[in-house]
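# Working through the structure, step by step
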Amino acid sequence: RLRTRARPPRSIVLFATIALAVFSVVHATIWWRLVGAPGLDGAPEALATTALGACFVSVPAALASRAFGATVPRLVPAVGFRWFGLMFYWFVLSLAAEPLVWAMTWLAPGAPVAQAAAAGVAVVGVALSAYALAGARTPPVKRVDVPIAGLDPALDGFRIAQLSDVHLGNTIGRDFIEAIVERTNAESVDLVALTGDFVDGTVASLGPAAAPFAQLRSRHGSYFVTGNHEYFSGAGAWCAEFTRLGIRVLRNEHRTLDHDGARLVVAGVDDPFANEPGHGPDLARALAGRGAGLPVVLLAHQPVFAEQAAHAGVALMLSGHTHGGQLWPFSLLVRAVQPILAGLVRVRDTWVYVSRGTGWWGPPMRLGAPNEITVLTLRRA
């Protein structure tokens with residue numbers, strides 16, 4: 001059964017405390033596997049411990065840097081987020097190595113098992129991270145046909161370009177935005193759907209880098225809904241900025257499009273993590289007054305709305321948020337907590353498409369979950 005209840009945001013202090021505790025355990029585990037267990041001592045131990053300590057500090061420094069904008073050297077997030085990715089793989093590999101080390105120590109007493117394990121974890125972790133770094137690039141176009149029963153013949157072939165989870169900020173800049181806008185415009189679609197988490201920073205710091213979004217072109221224009229990261233970055237200001245750029249912001253509301261004599265409803269809801277007065281998801285309000293029998297395309301950042309959308313008779317819901325897991329095997333954990341990880345899924349009579357994201361968050365890495373610009377074509381079933 002799909003989980004559709006979104007959880008409200010927790011206390012920032014509580015979140016920071018838990019995150020710091022987890023980071024401490026992760027770094028302690030890596031230290032033990034790469035430094036302690038192999039028996040490094042003297043200068044090598046001191047150097048490795050100091051380097052790991054610096055890396056520990058680099059991640060919160062990178063996360064905090066978005067609050068200070070251009071005043072923080074780009075090297076800080078560049079190093080911190082890349083270490084974040086390598087840290088993830090070294091931690092996972094360190095855990096995976098433990099049972100092998102125990103078994104080999106029992107089978108071959110006296111063999112340099114710990115040293116071999118440390119070398120293996122270090123080399124494989126670096127190799128996986130390098131491969132994942134290469135996977136974070138200007139996204140290709142992914143094409144998806146969506147069969148909709150009873151679709152007006154005039155809407156057969158209606159094309160929607162979906163951009164989601166761009167995360168403009170510390171590791172994604174204006175050049176990336178220009179590239180995805182150019183690639184999207186080359187598709188000559190009927191509508192562009194922007195399904196949240198587009199920014200990681202304030203309008204003051206990222207406004208110039210976001211300016212190319214004004215160049216998005218389609219027959220019926222571009223439509224945007226908030227994601228949770230907009231609410232970490234000043235959602236009200238960003239909604240005003242996207243409106244200034246010519247993008248229609250849908251906050252629990254809908255628009256009815258006329259397309260070659262047929263009508264199509266495009267609706268959008270706020271993200272459940274809304275933390276500003278007057279913000280918050282309200283699907284009933286978003287769909288109130290829609291024309292009876294008209295197909296509805298709903299933009300909702302998080303796929304937790306899937307079953308609600310199905311009960312409301314939505315034809316197609318477009319979401320993001322999950323990044324498809326972004327880094328395997330982290331995707332296994334995301335799959336456990338999200339109703340839909342990625343792709344086109346049917347929920348009752350409603351189609352739900354969850355994008356793996358156009359950009360990335362944190363480490364500029366992708367492994368097993370390539371980013372995408374999605375072009376969805378409505379088909380008469």
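All figures in this text were calculated on a predicted structure; none of them were measured in a lab.

## With respect to the overall build of the protein
Along the backbone of the protein there are 11 helices and 12 strands. For 381 residues, the compact-globule estimate of 2.2 N^0.38 gives 21 Å, and the protein sits close to it at 23 Å. By principal-axis analysis of the C-alpha atoms, the protein measures approximately 80 × 45 × 40 Å. Within the protein, contacts between residues at least 6 apart in sequence are counted, and of these 77% link residues at least 24 apart. Counting only carbon and sulfur atoms, one obtains 63% of the accessible surface of the protein, whose full area is about 16,900 Å².

## Description of the sheet that holds strand β12 (residues 373-380)
Here we have six strands laid out as an open sheet, ordered β1-β12-β2-β3-β4-β5, and mixed in their pairing. Each having just a single partner strand, β1 (141-148) and β5 (248-249) make up the two edges of the open sheet. In this fold helix α5 (residues 174-185) packs onto β1, β2 (159-163), β3 (191-194) and β12, with an angle of close to 25° to the strand it touches most, β12.

## Thoughts on the sheet that holds strand β7 (residues 262-268)
Strand order across the open sheet formed by six strands is β6-β7-β8-β9-β11-β10, with mixed pairing between neighbours. The open sheet terminates on both sides in strands that have one partner only, identified here as β6 (253-259) and β10 (343-347). Neighbour-to-neighbour, the strand axes of this sheet turn through a mean angle of 20°, independent of strand direction. Taken together, the seven bridges between β6 and β7 define a ladder with antiparallel strand orientation. The residue of β7 that forms the bridge with threonine 256 is valine 265.

## Regarding unusual backbone geometry
Outside of glycine, negative phi angles account for most residues, and trans bonds account for most peptide bonds. Residue proline 329 is reached from tryptophan 328 by a cis peptide bond, and omega for that bond is 10°. Inspection of the secondary structure assignment puts proline 329 in the loop between β9 (316-319) and α11 (330-337). Not every positive phi belongs to a glycine, and histidine 323 is a case in point at roughly 60°. Among the secondary structure elements, histidine 323 is positioned in the loop between β9 and α11.

## A short note on the packing of aromatic side chains
Using the criterion set out here, one finds 13 aromatic pairs in the structure. On the basis of an interplanar angle of 35° and a centroid distance of 5.7 Å, the ring pair of tryptophan 238 and phenylalanine 242 is categorised as tilted. Residue tryptophan 238 and its partner phenylalanine 242 are both found in helix α8 (residues 235-244); the two are separated by four residues, about one turn of the helix. Assessed through its relative accessible area of 0%, tryptophan 238 is described here as buried. Of the residues examined, phenylalanine 242 reaches a relative accessible area of 0% and is grouped as buried. An aromatic cluster of at least three residues, connected via ring pairs, comprises Phe198, Phe213, Phe224, Trp238 and Phe242.

## With respect to the packing of helix α6 (residues 203-210) against α8
Look at α6 against α8: their axes get within 11 Å of each other, and the N-to-C directions meet at 25°. By the criterion of interaxial angle, the relationship of α6 to α8 is roughly parallel. When you trace α6 past α8, the crossing you get is right-handed. Residues Val203, Leu206, Gly207 and Ala210 of α6 touch α8, and the partners they reach there are Ala237, Trp238 and Glu241. Grouping the amino acids of the contact of α6 with α8 by side-chain chemistry returns five nonpolar, one polar and one charged.

## Let's talk about the nonpolar core
Ranked by internal contacts, the top residues of the largest apolar core, which has 30 residues, are Leu168, Ile177, Leu194, Phe198, Phe213 and Phe242. Going through the elements one at a time, β2, α5, β3, α6, α8 and β12 are the ones with two or more residues in this core. Sorting elements by how many residues they give to this core places α5 first, with four residues. With residues near it in sequence (within four places) discarded, leucine 168 still touches Gly173, Arg174, Ile177, Phe198, Val199, Asp200, Leu206, Ala209 and Ala210. Judged by nonpolar contacts, the second largest core, of 25 residues, contains Val146, Ile148, Leu257 and Val297.

## As for the side chain of aspartate 165
Here aspartate 165 lies in the loop between β2 and α5. Buried charge aspartate 165 goes without a salt bridge, the closest partner of opposite sign being arginine 366 at 7.1 Å. Polar contacts involving the side chain of aspartate 165 include one to the side chain of serine 164, which spans 2.6 Å. For aspartate 165, the contacting residues outside a window of four places in its chain are Gly196, Asp197, Phe198, His301, Gly320, His321, His323, Gly357, Thr358, Gly359 and Trp360.

## Considering a nonpolar patch on the surface
A cluster of nonpolar side chains, Leu14, Ile18 and Val22, forms an exposed patch at the surface whose accessible area comes to about 260 Å². In this structure, isoleucine 18 sits in helix α1 (residues 12-36). When its relative accessible area of 48% is taken as the criterion, isoleucine 18 is described as partly exposed.

## Description of the confidence of the model for the protein
Overall, the prediction assigns the protein a mean pLDDT of 92, with 95% of residues at 70 or greater. Counted against residues more than four places away or in other chains, residues 1-9, with its pLDDT under 50, gives 21 contacts.

Cut-offs applied
Residues numbered from 1 in each chain as written. Predicted model: local features only at pLDDT ≥ 70, side-chain atom pairs only at ≥ 80, totals over all residues. Heavy atoms only, no water. Helix = DSSP H or I, 4+ residues; strand = E, 2+ residues; numbered from the N terminus. Rg over C-alpha atoms; globule rule 2.2 N^0.38 Å. Contact = heavy atoms within 4.5 Å. Areas by Shrake-Rupley, 256 points an atom, 1.4 Å probe, with all protein chains shown as cover. Pairing = 2+ DSSP bridges. Axes fitted to C-alpha atoms, helices over the stretch in contact; angles between N-to-C directions. Phe/Tyr/Trp six-rings, centres within 6.5 Å; stacked < 30°, edge-to-face > 60°. Buried < 20%, exposed > 50% of the residue type's maximum accessible area, 1.4 Å probe, protein only. Parallel < 35°, antiparallel > 145°, perpendicular 65-115°, else oblique. Left-handed = near helix turned anticlockwise from the far one by under 90°. Nonpolar A, V, L, I, M, F, W, Y, C, P; charged D, E, K, R; others polar. Core = buried A, V, L, I, M, F, W, Y, C linked by side-chain atoms within 4.5 Å. Lys, Arg positive; Asp, Glu negative; His and termini not counted. Salt bridge = Lys/Arg side-chain N within 4 Å of Asp/Glu carboxyl O. Polar contact = N/O pair within 3.5 Å; in protein donor to acceptor, adjacent residues only side chain to side chain. Patch = residues over 30% accessible without salt bridge, like charges linked within 9 Å, V, L, I, M, F, W, Y side chains within 5 Å. pLDDT = per-residue confidence, 0-100.

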